[in-house]
Amino acid sequence: MSIVKTENLIYEYVKRDEEGNEDGVIRAVDDVSLGIRQGDFIAIVGHNGSGKSTLAKHMNAILQPTQGTVWVDGMDTRQEEYIWNIRQRAGMVFQNPDNQIIGQVVEEDVGFGPENLGVPTEEIWKRVEESLRAVGMYQFRSHSPNRLSGGQKQRVSIAGVLAMRPRCIVLDEPTAMLDPSGRREVIHAVRELNQTEKVTVILITHYMEEVIQADHIYVMDKGQIAMEGTPREIFSKVEELQRLRLDVPQVTLLAYELKKRGLDLPDGILTTQELVQALTGHA
Amino acid sequence: MKLPRQERNKMALTVEHVSYIYDPDAPLSHKALDDISLTIPEGQFIGVIGHTGSGKSTLMQHLNGLVKATSGHIYYGGRDIDARDYDKKELRSKVGLVFQYPEHQLFEVDVFSDVCFGPKNLGLERGEVERRAREALAKVGVPEELYDQSPFDLSGGQKRRVAIAGVLAMQPEILILDEPTAGLDPKGRREILDQIRQLQTQTHITILLVSHSMDDVAEYVDRIIVMNGGKIVYDDIPRKIFKCYRELEKMGLGAPQVTYILHTLKENGLPVDTDITTIQEAADSIMQALDSFRITGP
Amino acid sequence: MLRDITLGQYYQTESVIHRLDPRVKLAGTLLYIISLFLFENIAGYIVAALFLALVIGLSHVPFKFMVRGMKAILFLLLITVLFNLFLTPGEALVSLWKLTITREGLHNAVFMALRLCYLIIGSSVMTLTTTPNHLTDGMEKGLRPLKFFRVPVHEVAMIMSIALRFIPILLEETDKIMKAQIARGADFESGNLIKRAKAMVPLLVPLFISAFRRANDLAMAMEARCYHGGEGRTKMKPLVYRRRDRLAYLCILLYLGCKATVGILL
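Residues numbered from 1 in each chain as written. Chains lettered and ligands numbered in written order. Predicted model: local features only at pLDDT ≥ 70, side-chain atom pairs only at ≥ 80, totals over all residues. Heavy atoms only, no water.

**Student:** Whenever I open this one, the domain arrangement of chain C confuses me. Can you help?
**Tutor:** When the parts come together, some accessible area is lost, and that loss is often what is quoted as the size of the interface. All names here are of chain C. Once the domains are mapped, chain C shows domain 1 (2-142 + 240-265) and domain 2 (150-224). Here domain 1 and domain 2 have C-alpha centroids that lie 34 Å from each other. Carbon and sulfur atoms make up 75% of the surface buried where domain 1 meets domain 2, a total of about 1,000 Å² over both sides. The interface formed by domain 1 and domain 2 includes one residue pair in polar contact (both at pLDDT 80 or more). The residue makeup of the side of domain 1 that touches domain 2, split by class, is five nonpolar, two polar and two charged. (Domains from an automatic or database assignment. Buried area = accessible area lost by both parts, 1.4 Å probe. Polar contact = N/O pair within 3.5 Å; in protein donor to acceptor, adjacent residues only side chain to side chain. Nonpolar A, V, L, I, M, F, W, Y, C, P; charged D, E, K, R; others polar.)

**Student:** Help me out: how do you make sense of the pairing of strand 1 (residues 2-16) of chain A in this one?
**Tutor:** If a strand is regular, its side chains alternate between the two faces of the sheet. All names here are of chain A. With ten bridges joining them, strand 1 and strand 2 (residues 22-37) adopt antiparallel strand pairing. Counterpart to Lys 5 in the pairing with strand 2 is Gly 35. In this sheet, strand 4 (residues 67-72) lies alongside strand 1 in antiparallel orientation, the contact comprising five bridges. Paired with Ile 10 across the bridge in strand 4 is Gln 67. (Pairing = 2+ DSSP bridges. Helix = DSSP H or I, 4+ residues; strand = E, 2+ residues; numbered from the N terminus.)

**Student:** Just checking my understanding: could you explain the side chain of Gln 200 of chain B for this structure?
**Tutor:** All names here are of chain B. Note on placement: Gln 200 falls in helix 7 (residues 186-203). Exposure remark for Gln 200: the relative accessible area of 9% places this residue in the buried category. Those residues within four positions of Gln 200 in sequence are excluded, and the remaining contacts are Gly 43, Gln 44, Phe 45, Ile 205 and Ile 207. (Buried < 20%, exposed > 50% of the residue type's maximum accessible area, 1.4 Å probe, protein only. Contact = heavy atoms within 4.5 Å.)

**Student:** I would appreciate a short explanation of the nonpolar core in the present structure.
**Tutor:** Burial of nonpolar side chains together is a common tendency in soluble globular proteins. Among the nonpolar cores identified, the biggest contains 75 residues, and Leu 258 and Leu 275 of chain A together with Ile 286 of chain B are the most heavily contacted of them. By residue number, the principal contributor to this core is helix 12 (residues 279-296) of chain B, which donates eight residues. When residues no more than four places from it in sequence are discounted, the contact partners of Leu 258 of chain A are Leu 263, Leu 265, Leu 275 and Leu 279 of chain A together with Ala 283, Ile 286 and Met 287 of chain B. By size, the runner-up hydrophobic cluster in this structure holds 48 residues, among which are Val 111, Val 115, Leu 168 and Tyr 220 of chain B. (Core = buried A, V, L, I, M, F, W, Y, C linked by side-chain atoms within 4.5 Å.)

**Student:** When you look at the packing of aromatic side chains in this model, what are you seeing that I'm missing?
**Tutor:** In this description, an aromatic ring pair is defined by two values, namely the gap between the centres and the angle between the planes. The tally for this structure, following the rule as stated, stands at twelve aromatic pairs over all chains. The interplanar angle of 25° and the centroid separation of 5.7 Å between the aromatic rings of Phe 112 of chain A and Tyr 227 of chain C together place this pair among those described as stacked. With Phe 112 of chain A in helix 3 (residues 106-117) and Tyr 227 of chain C in the loop between helix 9 (201-224) and helix 10 (243-265), this residue pair bridges two chains. With a relative accessible area of 4%, Phe 112 of chain A lands in the buried category. Centroid distance Tyr 32 of chain C to Tyr 255 of chain C: 5.6 Å. Interplanar angle 35°. Geometry classified as tilted. Taken together, the residues Tyr 32 of chain C in helix 2 (residues 22-37) and Tyr 255 of chain C in helix 10 connect sequence positions 223 residues apart. For the pair shown, Tyr 32 of chain C and Tyr 255 of chain C are each scored as buried. (Phe/Tyr/Trp six-rings, centres within 6.5 Å; stacked < 30°, edge-to-face > 60°.)

Listed below in structure tokens is the structure:
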């Protein structure tokens, strides 16, 4: 069974001018149908305004579809009695590390979700410790969030979601405001969770190098799914990606350039290792 | 490195032994800048690289007098900017500083008035203010139909252009951009960088591009300054800098991916040129190496 | 750096006073302040001073930190003293030009000054030994009976604790926007009052926009983590009275008894 499923999902909002009059309807998500398997690492990529974040917010019932249906763990997000269950099952991490930490101490922030769920005190402490250990932030448990780096703050946010024991984590551009080392930290933690804790991960990003290890990639453009497939399938279509103005990893791009110069290389090379192997075969 | 006065005049900006200590009295005080010396000649396109907390932003804020050095001197056009009679306001118009996420400082009701804010503060007359605003907006590629719009209704990339125009309108001789691509998507990132390069080639203004991404600056700049722990560790042309990619990695920076690929290929016996930083050149070099391999045999 | 500033004036150290339940400290401070205004005579003030000295001694906070709080109200203290000294009618002691110091005036001035000093130092002890966070918790739980009168106690406590978290962030942001506008030639320091007020616009507009954006983001993040008010919420760090807290209440009662006895008998 799919953990998240959408069927003909459409989301529209009314744009208003300065006087508050209707100024046209904008369709941010346009007829998206997808099914995400429990335990997978899914990436949704696309440039700003492609509708990827709007789609993500449906998976946590922050937004409701204009048309079509979204199910999270079998529950229809439009049914209000399920709303807290849905938010517990599908946790969400947002872009700005400063604007999603509520607690003044790291451990208190991680405990915020379980507190809301009414988890007994002793169980909260257990979950907080486990979650902080899972993202490698346990030694910072009594720190003030203001003293942490961007990457560390995002890991705390991930732990905060984890403590709610979700089946699925939706990360909405968690690395967009981080520096390269912060980005590596966060992606490493997310991958670890997916592999060891078997949590379904839905990573929304515009950094293509972060999605190479995903099980499945959706590329969004103008509110629709423009491409989907395994990383290798996606990255073998360099021209299409460039047309959608997305970055292609430099290795893939180099392999593509070499092929253009007449070298016979396999499609969709993703790592330096693969390229070196393919080239030494030629030499 | 004490330059004679005439030498200093030729340099747009000279930094001599500048150190800066945060809250010297606090128990947690630390040296944010540690004995920095640096010259910035006219018309150069410079990349300043360092990870968060390396001191790069603090150094940039020294260059236009927003932060005063704890020790050392900074000369602009040969004059000490901390001298008592030095006009800081004029300095700030000559050394323009665009902060990280500059769109957060937009405040006017429309785009055009916001860009006018800088030149108006210089006390210029209205005609001149508007002429400069128009020119600056054109330079960063903001179309005229957006002039009357509220800056808050624009897209992320457009807002950032408007904010950059707000500094450009003061007609600085040196433009410092602190992480101009932070938070933008690949499309927006490339557009802004291309625009900056165009600005540099057209106006020959000195540009300092501050970034933590080697990939961003590698193909654009003439010179790279690498900062770590409040010090300048490297200051050279990009090719030479990337030779030290292993050291860069220890600082949490790393070189462009191409550098890694080429080095790995060379280690595997393919005679490629490892100094290359762009994909096109790399592809050519690999083809050449493969050809020579086929002719001479391994 | 601005992010390092601590709000309130919490002094970090280990002491029995630090470990007390914040409700005890809140109630204790309140009762102490009330006691200062009842049963006043010299002996009573000595009892109050002894009690205060005992608490300060137990708190392990250097005395100079207590006095620091006095600086802010020095002016107020001076005015109170002067008013009482010169404007209380009664038996004249000294006459200087048109001003007369009366016996009652002197008495009032001295006691008023003492009372204010005790009050400030007494509440400093509370703020110096309790983190703002703990204080909020204590207020939430201690004021729970007010819910009966439809006072949104949980919400107010939540607002306070979020404010405490975001004030350093917004201060840092203020500093950044200020610098950015100065880099565009803005001048926040010269000119008359009106000019200066106008110069604040380029600072305040972006700051408000940013604060609203943060509030919006935060609200969404809280909802996503299943926050739906205080109903059915458990606590990670619930406040539970321990033996030392009960002992502390006993001490406070003992002090009040002492003060009352001394006040009535002497």
